[in-house]
Amino acid sequence: MTDALRDLIAKRKKETDTVILAHTYQPPEIIELADITGDSFALAKAAAKLPNKRIIMCGVRFMAESVKILAPEKQVILPAPDAGCGMARMIKPEEITAWKEQHPDAVVCAYINTTAATKAVCDVCVTSSSALRIVGKLDAEEILFLPDRNLGGWIAAQCPDKKMTLWNGYCPVHDTLTEEQVLQAKNDHPGALLAVHPECREEVVRHADMAGSTAEIIDFAIKADKPVIIGTERGVADTLTKKYPDKEFYYLCPETLTCPDMKYISPELLLQAINGEAGETIEMDEELRLKAKKSIDRMLELG
Ligand code: SF4
């Protein structure tokens with residue numbers, strides 16, 4: 001990225017009262033241009049408190065929707081309208097309704113990585129960092145957990161007193177990582193610690209020194225007194241390597257752990273979005289927004 005482009009983005013951002021949010025999995029040059037970076041829920045919460053009237057959400061569609069749910073009065077723009085989430089696409093609201101009919105006494109618990117339409121037909125949301133706490137507090141005969149079978153299995157293993165039934169969805173990025181690849185990485189970097197996201201399969205998570213959300217992985221990696229192998233989307237290792245040059249981080253299969261939908265946005269596209277020449281403004285029916293917000297509010301109450 002040239003200095004001229006960086007300066008122009010800063011100038012246009014100011015002139016248009018725009019703030020740029022970027023998910024941790026975004027390319028390093030987008031992270032550099034962002035005003036706030038973090039995971040999807042942290043960004044949505046931060047957005048709601050911002051004074052700016054325009055928000056550009058560098059991430060995938062469900063993340064821009066989450067911002068709109070919590071900050072309805074703001075203009076929320078997704079620079080790359082095609083950027084979706086493979087996991088969020090694995091369940092549809094009508095499938096949840098049919099599932100609920102088969103389990104009428106169950107509480108429906110949705111991972112935050114879901115569309116607004118999915119959240120609207122669920123009882124409570126969880127993030128990967130709040131999932132254990134919230135599921136532990138749910139007073140229900142049965143919990144229907146969706147859409148991630150890996151995160152659901154990880155929670156179920158740690159909440160043995162809960163009856164959890166899992167939807168068969170997964171993150172097409174994290175789920176591809178194999179035990180063999182993990183063992184190879186550990187062999188290549190003896191003495192290094194391994195941090196992974198619970199969206200990975202159990203055969204991977206079982207070899208980790210810690211499993212947690214992207215924010216928890218970053219925190220663990222910064223504080224560790226040994227090198228750390230980063231077992232989540234490569235954007236996390238990209239950022240850590242750049243921000244902490246004195247610490248040792250290793251990528252775990254960066255070709256496998258690359259979410260293509262997270263890499264659509266370039267500085268040029270971002271400038272076009274700021275100028276209103278690219279991107280999509282998120283519109284949301286108020287009834288849908290309020291229903292989706294209910295499951296997020298329940299998460300905040302319990303979390
Ligand atoms: S990494 Fe997985 S869960 Fe995250 S946006 Fe990409 S497909 Fe969705």
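Residues numbered from 1 in each chain as written. Predicted model: local features only at pLDDT ≥ 70, side-chain atom pairs only at ≥ 80, totals over all residues.

S.K.: I'm lost on the domain arrangement of the chain in this one. Help?
M.R.: Interface size is commonly expressed as the accessible area that is lost once the parts come together. Split by domain assignment, the chain resolves into domain 1 (3-84 + 262-284), domain 2 (88-171) and domain 3 (174-258). The straight-line distance from the C-alpha centre of domain 1 to that of domain 3 is 27 Å. In this assembly, 10 residues from domain 1 lie in contact with 10 residues from domain 3. Along the lines of polarity and charge, the residues of the side of domain 1 that touches domain 3 split into 5 nonpolar, 3 polar and 2 charged. (Domains from an automatic or database assignment. Contact = placed C-beta atoms within 7 Å. Nonpolar A, V, L, I, M, F, W, Y, C, P; charged D, E, K, R; others polar.)

S.K.: Which parts of the structure should I look at to understand the site of the ligand?
M.R.: Residues in contact with the ligand, as listed here, are Val60, Cys85, Gly86, Met87, Asn113, Cys171, Pro172, Val173, Glu233, Cys259, Asp261 and Met262. Looking at the shell around the ligand, its residues break down into 8 nonpolar, 2 polar and 2 charged. (Near = placed C-beta within 6 Å.)

S.K.: Explain helix 11 (residues 214-223) here, please?
M.R.: Since the α-helix packs 3.6 residues into each turn, any two residues three or four apart lie on the same face. Buried within helix 11 we find Thr214, Ile217, Ile218 and Ala221. Buried positions in helix 11, seen along its axis, are confined to an arc of 100° and lie on one side of it. On its buried face, helix 11 sits against strand 9 (193-196), strand 11 (228-231), helix 12 (234-243) and strand 12 (249-251). (Buried ≥ 20, exposed ≤ 12 C-beta atoms within 10 Å, placed from the backbone. Helix = DSSP H or I, 4+ residues; strand = E, 2+ residues; numbered from the N terminus. Arc of directions from axis to C-beta.)

S.K.: Explain the environment of Lys247 here, please?
M.R.: Examined against the element boundaries, Lys247 turns out to sit in the loop between helix 12 and strand 12. Sequence spacing of Lys247 and Asp225 is 22 residues, and the spatial spacing of their C-alpha atoms is 9.0 Å.

S.K.: What am I meant to see in the packing of helix 3 (residues 40-49) against helix 4 (residues 61-70) here?
M.R.: The description of two helices packed together rests on the angle between their axes and the distance between the axes. Orientation of helix 3 relative to helix 4, taken along the N-to-C sense of each, is 35°, at an axis distance of 8 Å. Like other packed secondary-structure pairs, helix 3 and helix 4 cross with a definite hand, here right-handed. Listed contacts from helix 4 to Ser40, Phe41, Leu43, Ala44, Lys45, Ala47 and Ala48 of helix 3 are Met63, Ser66, Val67 and Leu70. (Axes fitted to C-alpha atoms, helices over the stretch in contact; angles between N-to-C directions. Left-handed = near helix turned anticlockwise from the far one by under 90°.)

S.K.: Please explain the sheet that holds strand 7 (residues 143-146) as it appears in this structure.
M.R.: In any sheet, the strands associate via hydrogen bonds between backbone groups, in a parallel or an antiparallel arrangement. Spatial ordering of the open sheet is given by 6-5-7-8, a layout of 4 strands whose pairing is parallel. Sheet topology places strand 6 (124-126) and strand 8 (164-166) at the edges, where each strand pairs with a single neighbour. If you compare each strand with its neighbour and ignore which way they point, the axes differ by 30° on average. Examined bridge by bridge, strand 5 (residues 107-111) and strand 6 share 3 bridges and lie parallel to one another. The residue bridging Ala110 from the neighbouring strand is Cys125, located in strand 6. In the packing of helix 14 (residues 286-302) onto the sheet, contacts are made with strand 5 and strand 6, and the angle to strand 6 comes to roughly 65°. (Pairing = 2+ DSSP bridges.)

S.K.: What's the story with unusual backbone geometry in this structure? I'm lost.
M.R.: Apart from glycine, the bulk of residues carry a negative phi angle, and the bulk of peptide bonds sit in the trans form. The omega angle of the peptide bond from Leu146 to Pro147 is -10°, so this bond is cis rather than trans. For Pro147, the location among the structural elements is in the loop between strand 7 and helix 8 (149-158). Positive phi is not limited to glycine here, since Asp17 has a value of about 50°. By the element assignment, Asp17 lies in the loop between helix 1 (3-15) and strand 1 (18-23).

S.K.: So what exactly am I meant to see when it comes to the pairing of strand 11 here?
M.R.: Regular strands have side chains that alternate between both faces of the sheet. Burial along strand 11 is two-sided: the residues Val228 and Ile230 and Ile229 and Gly231 are all buried. Across 4 bridges, the pairing between strand 9 and strand 11 is parallel. Residue Leu194 lies in a different strand from strand 11, and its bridge partner there is Ile229. Two elements, strand 11 and strand 12, share 3 bridges in a ladder whose sense is parallel. Across the sheet, Val228 pairs through a bridge with Phe249, a residue of strand 12. Taken together, strand 11, helix 12 and strand 12 form a β-α-β motif whose crossover is right-handed. (Right-handed = clockwise from strand over helix to strand, strands pointing away.)

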